[in-house]
Amino acid sequence: MRPHALIFLGAPGAGKGTQAREVATHFRIPQISTGDILRDAVKKETRLGLAAKAKMEAGELVPDEVVCGIVEERVSEPDCKNGFILDGFPRTIAQAKFVDKMLEAKGHGKPLVLDIEVGEDLLLKRLTGRLTCSVCGEIYNIYFNPPKVEGICDKDGGKLVHRADDNEATIRQRLEAYHKQTEPLIQYYRGQGTLVSVDGNKDPHEVARGLLDSLSKA
Ligand code: ADP
Ligand code: AMP
């Protein structure tokens, strides 16, 4: 099947970005990461970036109206007409309700929600060890998936960077925000009958297999 809208849910470090990149390539649909869009805006010091910067540095969520505006604009682009992946959005019940209305208005069906479940003990190590290619966005991990040459992307030789918010104090805040504001979405989507839970504790290839398998049955 070829789903219209896929939502990747899960704690920070669960592997949403890693898996969304795989699934996006597989189905040839865009991956929309609100975190990536916000980080790019912060780097370019746009008005959006200036509005989001302090919240991101504190490990708190950016206001709903800001992220909803970003998503609405991005989803209106032509490459989204056959479907798209929302990675890291929605993260609050208000955002989830916004998605429901937006998809209905655009004539997309109900979203399929993939919840990647990972034990809390693994998340800290995954996040403190994360490195991202500054050119192509490929995701590495110094403990679990190191590049062949330290600090350099295997794919394009780009410089690997460590995210400023992947430090222990900010990670704790982000996990707290996840538990308080995002975890209730599991119940929300379970109630809608659109939730699929996937074991994210295995190695990335196995997780991808589990996800694609769930998608083929959905
Ligand atoms: P999220 O987008 O959910 O925050 P990422 O996809 O960026 O998570 O993954 C967080 C870190 O964990 C990255 O360094 C990534 O390489 C690593 N990682 C992702 N999936 C796995 C996995 N299945 N096993 C081990 N490490 C993983
Ligand atoms: P991520 O890249 O998904 O880990 O997100 C990094 C940071 O961007 C988060 O800690 C938030 O500050 C902000 N952010 C990303 N997506 C959202 C969202 N859907 N709602 C609110 N804030 C977000």
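Shown above is the structure to which this text applies.
Predicted model only: the values in this text are computed from it and were never measured.

Parameters at a glance
Residues numbered from 1 in each chain as written. Chains lettered and ligands numbered in written order. Predicted model: local features only at pLDDT ≥ 70, side-chain atom pairs only at ≥ 80, totals over all residues. Heavy atoms only, no water. Near = heavy atom within 4 Å. Polar contact = N/O pair within 3.5 Å; in protein donor to acceptor, adjacent residues only side chain to side chain. Areas by Shrake-Rupley, 256 points an atom, 1.4 Å probe, with all protein chains shown as cover. Core = buried A, V, L, I, M, F, W, Y, C linked by side-chain atoms within 4.5 Å. Buried < 20%, exposed > 50% of the residue type's maximum accessible area, 1.4 Å probe, protein only. Contact = heavy atoms within 4.5 Å. Pairing = 2+ DSSP bridges. Helix = DSSP H or I, 4+ residues; strand = E, 2+ residues; numbered from the N terminus. Axes fitted to C-alpha atoms, helices over the stretch in contact; angles between N-to-C directions. Parallel < 35°, antiparallel > 145°, perpendicular 65-115°, else oblique. Left-handed = near helix turned anticlockwise from the far one by under 90°. Nonpolar A, V, L, I, M, F, W, Y, C, P; charged D, E, K, R; others polar.

A. Broad picture of the site of ligand 1. Around ligand 1 sit 19 residues, and of these Thr18, Arg130, Tyr140, Asn141 and Lys202 come closest. Glycine 17 is positioned such that a nitrogen or oxygen atom in its backbone is 2.9 Å from an oxygen atom of ligand 1. A distance of 3.3 Å separates a nitrogen atom of ligand 1 from a polar side-chain atom of arginine 126. The fraction of the free accessible surface of ligand 1 (560 Å²) that becomes covered by protein chains is 92%.

B. View of the nonpolar core. Of all hydrophobic cores here, the largest spans 51 residues; its most connected members are Phe8, Leu86 and Tyr189. Apart from residues lying up to four places away in sequence, leucine 86 is in contact with Leu6, Ile7, Phe8, Ile32, Val71, Val75 and Val99. Core analysis: the next-biggest nonpolar cluster, separate from the first, contains 5 residues, Leu131, Cys133, Tyr140 and Leu160 among them.

C. Just the sheet that holds strand E5 (residues 130-133), in detail. Ordered in space as E6-E5-E7, the 3 strands form an open sheet in which the pairing is antiparallel. Two strands bound the open sheet, and with one partner strand each, they are strand E6 (139-141) and strand E7 (160-161). As defined by bridge partners, E5 adjoins E6 across 3 bridges and the pair is classed as antiparallel. Considered in E6, the bridge of threonine 132 is made with isoleucine 139.

D. Up close: the packing of helix H2 (residues 34-44) against helix H3 (residues 47-58). The N-to-C vectors of H2 and H3 enclose an angle of 110°; their axes lie 8 Å apart at closest approach. Taken as axis vectors, H2 and H3 run roughly perpendicular relative to one another. H2 and H3 meet at a crossing whose hand is left-handed. Two secondary-structure elements touch here, H2 through Gly35, Leu38, Arg39, Ala41 and Val42 and H3 through Leu48, Gly49, Ala52, Lys53 and Met56. Considered class by class, the residues forming the contact of H2 with H3 number 6 nonpolar, 2 polar and 2 charged.

E. Summary view of unusual backbone geometry. The omega torsion of the bond from phenylalanine 89 to proline 90 falls at 0°, within 30 degrees of zero and hence cis. Note that proline 90 resides in the loop between strand E3 (84-87) and helix H5 (93-105). Although it is not a glycine, arginine 28 sits at a positive phi angle of roughly 55°. Residue placement: arginine 28 occurs in the loop between helix H1 (16-27) and strand E2 (31-33). With a phi angle near 55°, glutamate 45 is a residue other than glycine that sits in the positive phi range. Looking at where glutamate 45 falls in the secondary structure, it is placed in the loop between H2 and H3. Look at glutamate 45 and you get exposed, because its relative accessible area is 61%.

F. Spatial organisation of the packing of helix H4 (residues 64-75) against H5. Taken N-terminus to C-terminus, the directions of H4 and H5 make an angle of 25°; their axes are 10 Å apart at the nearest point. As far as their axial angle goes, H5 and H4 are roughly parallel. Regarding H4 and H5, the two cross each other, and that crossing is right-handed. Residues Asp64, Val67, Cys68, Val71, Glu72 and Val75 of H4 pack against Ala94, Gln95, Phe98 and Met102 of H5. Class assignment of the residues belonging to the contact of H4 with H5 gives a composition of 7 nonpolar, 1 polar and 2 charged.

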